[in-house]
Amino acid sequence: MTPYEYARLLATPFLPALYSRVHRDLRRLCASPGRARSEVPSLLDVGGRGSPYTVGLGARVTVLDVPRESDVQATLKLGLSDDLLARLRSRRSNVDGVVVEDMCTCTLEDASFDGAVSVEVIEHVERDDLFVEQIARVLRPGGFAYFTTPNGDYVKNEPPNYNPDHVRHYLRAELEEVLLRHFDEVQVVYGVKTGIHRYRGLRSFDPRRPIQLAVSMASNVVSQLESRGLDGQSRRTAHLFAVARKAGSP
């Protein structure tokens, strides 16, 4: 692994609860009981940009994202820029390739990946049904897709927290419905407790502000502890987490 990857893994206990939850879930999914220990799964990271959630995973990762072209994308740090591409290639040891295109019109071959991950992406997609269909298409039989998105049962995309690039916030039943159109097995749960600790932990990790950095790190430790065991709690949870599977054996 690279120095960046080691540093990122060592920092995991102090990073936001979303990161910790996603990384833990992906480690479990990549270690499928139906897969031989010697087999390294192939993973498509859709909308991954810098792909932090797949750091240190025992997988061969392909990152797919749209190019960064608009001011809104730049402000919200969406899409792939030339700088991000250069950093991704220099920092990561398990990234096999980068594909710069829209998942809804992607040219990847059918049944070419064991798994796919899409963290906080689907809420940005106008054609969400086509987006999910394309992800299912490129997965092998027995493959999994992992999604996270804001919890629309509690978090509303409206002032003062309006995000202009979010097309929708899904209710759990709505997300389950769109995934079931293209996958054989779907589980959607809630997670990550809202509140002051989550909010403070999302502040920038700036070493030039040591007090803020210490507060953010401590808040993330508390936030991770507060976020345990909330799979069935719709209120005061920030995200939906979904695992969708195709029929067959990996």
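The structure we're discussing is the one just above.
Residues numbered from 1 in each chain as written. Predicted model: local features only at pLDDT ≥ 70, side-chain atom pairs only at ≥ 80, totals over all residues. Heavy atoms only, no water.

Draft legend 1. Expanded view of the packing of aromatic side chains. For the coordinates displayed, the defined rule picks out one aromatic pair. Note that R21 overlies the ring of F241, its terminal NZ or CZ placed 4.3 Å from the centroid. (Phe/Tyr/Trp six-rings, centres within 6.5 Å; stacked < 30°, edge-to-face > 60°. Lys NZ or Arg CZ within 6 Å of the ring centre and 35° of its normal.)

Draft legend 2. Spotlight on the state of the cysteines. Under the defined criterion, the tally for this structure stands at zero disulfides. Of all cysteine sulfurs, the one in C106 lies closest to C104, which takes part in no disulfide; the gap is 8.9 Å. (Disulfide = S-S within 2.5 Å.)

Draft legend 3. Expanded view of the sheet that holds strand β6 (residues 185-193). Pairing in this open sheet of seven strands is mixed, and the strands run β3-β2-β1-β4-β5-β7-β6 from one edge to the other. Strands with a single pairing partner mark the edges of an open sheet, and in this sheet they are β3 (95-100) and β6. Between one strand axis and the next, the sheet turns through 15° on average, direction left out of account. Note that strand β5 (residues 139-150) and strand β7 (residues 237-245) share seven bridges and pair antiparallel. Along β7, the bridge assignment pairs Y146 with V243. Against the sheet, helix α5 (residues 128-137) contacts β1 (42-46), β4 (113-119) and β5, and its axis sits at roughly 145° relative to β5. (Pairing = 2+ DSSP bridges. Helix = DSSP H or I, 4+ residues; strand = E, 2+ residues; numbered from the N terminus. Axes fitted to C-alpha atoms, helices over the stretch in contact; angles between N-to-C directions. Contact = heavy atoms within 4.5 Å.)

Draft legend 4. The arrangement of the nonpolar core in detail. Counting residues in hydrophobic clusters, the biggest one holds 32 residues, and the most contacted among them are L44, M103, F131, I135, L175 and F183. Within the second largest apolar cluster, 22 residues are counted, among which are L57, V63, F241 and V243. (Core = buried A, V, L, I, M, F, W, Y, C linked by side-chain atoms within 4.5 Å. Buried < 20%, exposed > 50% of the residue type's maximum accessible area, 1.4 Å probe, protein only.)

Don't take any of this as a statement about function, it's just geometry.
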